[in-house]
Amino acid sequence: MNLPKDGEKLTQGQVNLAINLDKFPNSKPGSKNWHYGQFEPWAMQFGYKDGIPIYASVDPNGYHIYFLNDGHKVPIILKIGETPATYGIKPK
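1. Side note on the pairing of strand β3 (residues 54-59)
With five of six residues buried, β3 lies mostly within the body of the structure. As consecutive antiparallel partners, β3 and strand β4 (residues 63-68) are separated by three residues, and within that stretch Asn61 has a phi angle of approximately 85°, a positive value.

So, in structure tokens, the structure goes:
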């Protein structure tokens, strides 16, 4: 998958590519499109030199889906306070 653009609509196809989708069955695009958010320390290891990843929201529950911009090139769904390490995902 390519890096989403700021403001781009999150698609079901992108949600379906989430590396940890099995932990979030029935996820679908939420109300917020892809956008850059706040500083996330883990993001520096996943292809964001400034530590500010691009993400969108997924429903149900309004979780966030982040794009891993390193060798993974796929999204990951995270609850508040989680990082890719929560799911055993290491930078590539």
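Having put the structure on the table, let's press on.
2. Topic: the packing of aromatic side chains
Under the counting rule described, the total for this entry stands at five aromatic pairs. Between Trp42 and Phe46 the ring centres are 5.8 Å apart and the planes differ by 75°, which places this aromatic pair in the edge-to-face class. Of the two residues examined, Trp42 and Phe46, each falls in the buried class.

3. Some words on the pairing of strand β5 (residues 74-78)
Of all five residues making up β5, five are buried, and the element is well covered by its neighbours. By the alternation rule, side chains of β5 split into Val74, Ile76 and Leu78 and Pro75 and Ile77, which are all buried. Inspection of the sheet shows β4 paired to β5 by five bridges, in the antiparallel sense. Note that in β5 the partner of Leu68 across the bridge is Val74. Remark: five residues form the turn of the hairpin made by β4 and β5, two consecutive strands paired antiparallel; Lys73 in that turn has positive phi of roughly 55°.

What counts, and at which threshold
Every chain begins its residue count from 1, and numbering advances along the sequence as written. Where totals are concerned, whole chains, interfaces and linings use all residues; where local detail is concerned, this predicted model gives features only for residues with pLDDT of at least 70, and gives and counts side-chain atom pairs only at 80 or more. Side-chain figures throughout are based on the complete set of non-hydrogen atoms in the structure, without hydrogens or water. Relative accessibility under 20% of the residue-type maximum defines a buried residue, over 50% an exposed one, and the middle range a partly exposed one, all with a 1.4 Å probe and only protein chains included. Helix and strand labels come from DSSP, where a helix needs a run of H or I of at least four residues and a strand needs a run of E of at least two; each type is numbered from the N terminus. The pairing criterion is simple: DSSP has to find at least two bridges between the two strands. By convention, a stacked pair of Phe, Tyr or Trp rings (six-membered ring in the case of Trp) has centres within 6.5 Å and planes under 30 degrees apart, an edge-to-face pair has planes over 60 apart, and any other such pair is tilted.

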